[in-house]
Structure formats: C-alpha cells, structure tokens
Amino acid sequence: WFRRIGFCLSPSHRETFHVAPLEGAASGAVPVLLERPGAADIFDSRWVFADPAAAADFIHATAMNPDAGAAERAAALDMAGRYDAAAVLPRWNDLLKARP
C-alpha cells in the first residue's frame with residue numbers, strides 16, 4: 001500500500017515512537033513528519049517540517065520530480081535499514097552479553 005502512495009505522513013505533534021513513518025520508509029515510502037520531540041533524532045531533518053504547508057511543498061516538489069522521488073525513496077529505505085532486525089539484534093546481543 002505504501003509503495004503505491006510514496007509518502008507516509010505523520011502529522012502528530014505527540015507520539016511515543018515514530019512507528020508508522022518507519023514502516024512506510026521500510027517499504028520505500030518517504031516519511032513526512034511535523035516537528036515534535038524526538039522526530040529529528042530518528043529521521044533525517046529533511047523529512048521533519050515546522051508546519052503542514054512546508055510538508056505539502058516538499059511532497060509536491062518531490063512527487064513532481066521523478067529523480068528526486070527516487071532519491072528520497074532510496075534514502076528512506078536506507079534509513080529504515082538501521083532498524084532492521086538484522087542490524088538491531090546483534091547489537092542487543094552484544095549489549096546483553098556485556099552485562100555483569
């Protein structure tokens with residue numbers, strides 16, 4: 001579903017963890033978030049916007065430029081890969097082994 005749409009909007013001003021935009025990014029959808037605590041810690045700042053108008057401008061510009069859209073989708077997939085089980089589980093394993 002996300003692959004057909006191309007963007008995953010997260011207009012919430014308050015969310016404990018940004019799961020939906022990560023799910024979208026994992027399928028190649030470009031995450032689009034409004035500024036809120038923690039958003040820029042997880043997502044590239046180019047996907048975090050101060051207001052809906054700025055987010056809409058980004059979506060429009062990206063959707064109208066196939067090369068920009070392809071680059072943003074590739075970046076989203078790359079970013080989501082940081083949270084893939086293959087990347088995260090070895091780190092958890094190392095952390096748990098290091099505990100006294």
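Before reading on, note that the structure itself is shown above.
Residues numbered from 1 in each chain as written. Predicted model: local features only at pLDDT ≥ 70, side-chain atom pairs only at ≥ 80, totals over all residues. Heavy atoms only, no water.

*Asks:* Please clarify how the overall build of the protein should be interpreted in this entry.
*Replies:* Looking only at helices and strands, one finds six helices and three strands in the protein. Here the C-alpha coordinates of the protein stretch approximately 55 × 25 × 20 Å along the principal axes. Evaluated residue by residue, the protein yields a buried proportion of 33% over its 100 residues. Long-range pairs, those at least 24 residues apart, make up 43% of the contacts in the protein with a sequence separation of at least 6. Carbon and sulfur atoms make up 59% of the accessible area of the protein, which totals about 6600 Å². When the 10 positive and 12 negative side-chain charges of the protein are each reduced to one mean point, those points stand 8 Å apart. (Helix = DSSP H or I, 4+ residues; strand = E, 2+ residues; numbered from the N terminus. Buried < 20%, exposed > 50% of the residue type's maximum accessible area, 1.4 Å probe, protein only. Contact = heavy atoms within 4.5 Å. Areas by Shrake-Rupley, 256 points an atom, 1.4 Å probe, with all protein chains shown as cover. Lys, Arg positive; Asp, Glu negative; His and termini not counted. Charge placed at Lys NZ, Arg CZ, Asp CG, Glu CD.)

*Asks:* Looking at this structure, I do not really get helix α6 (residues 85-98). What am I missing?
*Replies:* In an α-helix, one turn spans 3.6 residues, which is why side chains three or four residues apart end up on the same side. With 14 residues, α6 extends 20 Å between its outermost C-alpha atoms, agreeing within 8% with the 20 Å of an ideal straight helix rising 1.5 Å per residue. Little of α6 is tucked away: zero of the 14 residues are buried. (Expected span 1.5 Å × (residues − 1).)

*Asks:* Teacher, can you tell me more about the nonpolar core here?
*Replies:* Across soluble globular proteins, nonpolar side chains have a tendency to be buried as a group. In terms of nonpolar packing, the biggest core is built from 18 residues, with Val32, Phe43, Trp47, Phe58 and Met79 touching the most fellow members. A total of four residues in this core trace back to one element, the largest contributor, which is helix α5 (residues 66-81). With sequence-adjacent residues up to four places away left out, Phe58 is seen in contact with Phe7, Val30, Val32, Arg46, Trp47, Phe49 and Glu72. (Core = buried A, V, L, I, M, F, W, Y, C linked by side-chain atoms within 4.5 Å.)

*Asks:* Would you take a moment to explain the side chain of Ser27 for this structure?
*Replies:* With respect to the helices and strands, the residue Ser27 is situated in the loop between α2 (19-26) and β2 (30-34). By relative accessible area, which is 19% here, Ser27 ends up buried. In contact with Ser27, other than residues within four places in its own chain, are Phe2, Arg3 and Leu77.

*Asks:* Looking at this structure, I do not really get the packing of aromatic side chains. What am I missing?
*Replies:* For any two aromatic rings, the description comes down to two numbers: the centre-to-centre distance and the angle of the planes. The full count for this structure, using the stated rule, is one aromatic pair. Seen from their ring centres, Phe49 and Phe58 are 5.2 Å apart, and the 40° between their planes marks the pair as tilted. Here Phe49 falls in the buried class, since its relative accessible area comes to 11%. (Phe/Tyr/Trp six-rings, centres within 6.5 Å; stacked < 30°, edge-to-face > 60°.)

*Asks:* Before we go on, may I ask you to explain the side chain of Thr62 in this structure?
*Replies:* Position of Thr62 relative to the elements: it lies in helix α4 (residues 52-64). Here Thr62 falls in the buried class, since its relative accessible area comes to 6%. Discounting chain neighbours no more than four positions away, the residues touching Thr62 are Phe7, Ala68, Gly69 and Glu72.

Honestly, it's all geometry; don't read function into it.
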